[in-house]
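Remarks on the overall topology
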Amino acid sequence: MWALLPALKNREIAKGYLKDGYKWLGRPLTEKEIVYLKDVIEQGDRVERWLRELGYYDPGPRGKLFRLTGDIAESDEEAEEMLKSLEAELS
């Protein structure tokens, strides 16, 4: 999962380059650069959609479990049990 998170950061950087790249580079972006940056943005969008489907952004126990361990629980109750078990192991 951690290998996917850079795609989200790269997406934000690519958006910045599309918006202000000419200022940073001192020249307009080429068509190839624009196509590449749009592809990076789309990849980041796909990663975000997938993480949302898996519950990564869920504020409840499922999201907390997923962010901490990468484990995906079917329900909040299952996630709470897994989190309690994890806390017990760490104590």
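Remember, predicted model here, so these are calculated numbers, not experimental data.

Reading guide: rules and limits
- For every chain, the first residue of the written sequence is number 1, and numbering continues from 1 along that sequence.
- pLDDT decides what is reported in this predicted model: residues at 70 or higher carry local features, side-chain atom pairs at 80 or more are listed and counted, and totals for whole chains, interfaces and linings draw on all residues regardless.
- In computing side-chain properties, one takes all heavy atoms of the structure into account and sets aside hydrogens as well as water.
- Runs of H or I in DSSP of at least four residues are treated as helices and runs of E of at least two as strands, each being numbered from the N terminus.
- Every radius of gyration here is taken over C-alpha atoms, with the globule rule written as 2.2 Å times N^0.38, N being the number of residues.
- Any carboxyl oxygen of Asp or Glu within 4 Å of a side-chain nitrogen of Lys or Arg constitutes a salt bridge here.
- Partly exposed residues are those whose accessible area sits between 20% and 50% of the maximum for their type, while under 20% is buried and over 50% is exposed, using a 1.4 Å probe and protein chains only.

A few words on the overall build of the protein. Helix and strand counts for the protein come out as 4 helices and 0 strands. Across the protein, helices and strands are ordered from the amino to the carboxyl terminus as α-α-α-α. Relative to the globule expectation of 12 Å for 91 residues, the C-alpha radius of gyration of the protein, 18 Å, shows a markedly less compact shape. Counting only C-alpha atoms and orienting by the principal axes, one finds that the protein spans roughly 55 × 25 × 20 Å.

According to the stated counting rule, one finds 10 salt bridges in the structure shown. A salt bridge links Glu42 to Arg49; its shortest N-O distance comes to 3.1 Å. Residue class for Glu42 comes out partly exposed when judged on its relative accessible area of 31%. Residues Arg52 and Glu48 are paired through a salt bridge, measuring 2.8 Å at the closest nitrogen-oxygen approach. Placement of both Arg52 and Glu48 in helix α2 (residues 31-54) is noted, with a separation of 4 residues, approximately one turn of the helix. Its relative accessible area of 48% is what places Arg52 among the partly exposed residues. Looking at Glu48, the relative accessible area reads 17%, which means it is buried.

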